[in-house]
Amino acid sequence: MNDEEPPWTGVLTERLRCCVCGESTDDAPDYVLVELTGPAGGARQWFGAHAGHLNGVLGDGFRVEVHLM
Ligand SMILES: [Zn+2]
């Protein structure tokens, strides 16, 4: 037994700050994690956001839905 960090699984265990307003999302009921994938090579990047704020900056026709897990 040891205290080593668990292996990287590609899933973030801590909430990211909202990429729209920059505020903490620790207590946000509408927190969403946005995953962007690169066109090749499997590069991935994540953004955290409040769904309400994200909806405010998305183009027409895009809408964020929150699915509680
Ligand atoms: Zn926000």
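Asker: Looking at this structure, how should I read the coordination of the zinc ion?
Answerer: Geometrically, a metal with four donors at the corners of a regular tetrahedron has ideal angles of 109.5 degrees, and one with six donors at the corners of a regular octahedron has ideal angles of 90 or 180 degrees. Coordination of the zinc ion by the protein is provided by Cys 18 (SG), Cys 21 (SG), His 50 (ND1) and His 53 (ND1), with metal-donor distances spanning 1.8 to 2.4 Å. The sequence pattern formed by the donor residues of the zinc ion is C-x2-C-x28-H-x2-H. You can see Cys 21 sitting in the segment before β1 (31–37) and its partner His 53 sitting in helix α1 (residues 51–57), a full 32 residues away along the chain. With a relative accessible area of 33%, Cys 21 lands in the partly exposed category.

Asker: What is the right way to read the pattern of salt bridges from this model?
Answerer: When the charged atoms of two side chains with opposite charge come close together, those side chains can pair. Overall, the coordinates contain one salt bridge when judged by the stated rule. Among the ionic pairs, Arg 44 bridges to Glu 35, the shortest N-O distance being 3.4 Å.

Asker: Is there a simple way to explain the nonpolar core in this structure?
Answerer: Nonpolar side chains in soluble globular proteins generally cluster together in the buried interior. Residues Cys 18, Val 32, Ala 49, Ala 51, Leu 54 and Val 64 constitute the largest nonpolar core, which totals six residues. With near-sequence residues (within four places) excluded, Val 64 lies in contact with Val 32, Ala 51, Leu 54, Asn 55 and Leu 58.

Asker: I tried to follow the environment of Gln 45 on my own but got confused; where do I start?
Answerer: Inspection of the secondary structure assignment puts Gln 45 in strand β2 (residues 44–50). Spatially, the C-alpha atom of Gln 45 lies 5.8 Å from that of Glu 35, the residues being ten residues apart in sequence. Beyond its immediate sequence surroundings of up to four residues, Gln 45 is in contact with Val 34, Glu 35 and Leu 36.

Rules and cut-offs
Along each chain, residue indices are assigned from 1 in the same order as the chain's sequence is written. Residues qualify for local features only when their pLDDT is at least 70, as the model is predicted, and side-chain atom pairs are given and counted only at 80 or more; totals for whole chains, interfaces and linings, by contrast, use all residues. Only hydrogens and water are set aside; all other atoms, that is, all heavy atoms of the structure, feed into the side-chain values. In this listing, donors mean N, O and S atoms no farther than 2.8 Å from the metal, or 3.2 Å for Na, K and Ca; water is missing from the atoms, so a site can look incomplete. Every helix listed is a DSSP run of H or I at least four residues long, and every strand listed is a run of E at least two residues long, numbered separately from the N terminus. The classification of residues rests on relative accessible area computed with a 1.4 Å probe and restricted to protein chains. Under 20% of the type maximum is buried, over 50% is exposed, and intermediate values are partly exposed. Think of a salt bridge as a Lys or Arg side-chain nitrogen and an Asp or Glu carboxyl oxygen that are within 4 Å of each other. In these notes, a set of buried Ala, Val, Leu, Ile, Met, Phe, Trp, Tyr and Cys residues joined through side-chain atoms within 4.5 Å is what counts as a nonpolar core. Residue contacts are defined here by distance: any two heavy atoms, one from each residue, within 4.5 Å place the two residues in contact.

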